[in-house]
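Chain and residue survey
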Amino acid sequence: MATTEFDTSLPSIRQLQELIKQKTVIELKLVTGDLLTGKVAWQDHNCVCIVDDYNRQTTIWKQAIAYYKSK
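Residues numbered from 1 in each chain as written. Predicted model: local features only at pLDDT ≥ 70, side-chain atom pairs only at ≥ 80, totals over all residues. Heavy atoms only, no water.

Structural notes on the side chain of Glu27
For Glu27, the location among the structural elements is in strand E1 (residues 25-30). Residue classification places Glu27 among the buried positions, given a relative accessible area of 17%. Not counting the four nearest positions on each side in its chain, Glu27 is found in contact with Leu35, Leu36, Thr37, Tyr67, Tyr68, Lys69 and Lys71. (Helix = DSSP H or I, 4+ residues; strand = E, 2+ residues; numbered from the N terminus. Buried < 20%, exposed > 50% of the residue type's maximum accessible area, 1.4 Å probe, protein only. Contact = heavy atoms within 4.5 Å.)

Brief notes about the sheet that holds strand E2 (residues 35-43)
For sheets, the rule is that strands pair by backbone hydrogen bonds, running either parallel or antiparallel. Reading across the sheet, the five strands line up as E4-E3-E2-E1-E5 and stay open at both edges, with antiparallel pairing between neighbours. Since the sheet does not close on itself, it has two edges, and those belong to strand E4 (57-61) and strand E5 (65-70), each with one partner. Going from strand to strand, the sheet's axes swing by 45° on average, the running direction of each strand aside. Judged from the five bridges that link them, E1 and E2 form a sheet pairing that is antiparallel. Looking at the pairing, Leu28 lines up with Leu36 of E2. Its contacts with the sheet put helix H1 (residues 11-22) on E1, E2, strand E3 (47-51) and E5, and the angle it makes with E2 is roughly 95°. (Pairing = 2+ DSSP bridges. Axes fitted to C-alpha atoms, helices over the stretch in contact; angles between N-to-C directions.)

Following this line, the structure appears as C-alpha cells:
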C-alpha cells in the first residue's frame, strides 16, 4: 500500500526540505541536459517545483532530475 507521507528519514527528502526552508537558489540538471535555476517551492512524492527569477513556476518529475546543487 502506498503511503501519503514523506519518509523524512531519507537524506534526499530532508535536504530538499531544508532548501525550501532556506529559500536557497539551486541549479537543477535534467536527464535531457536542460539546466534550470531557481528556488525550490515545494516537493511531493513525484515532483519538485522551482520558481525562477521571473516568479515562474516549473514542476519537474523527480525521475527527470539528473542532479541538483546549491548556487
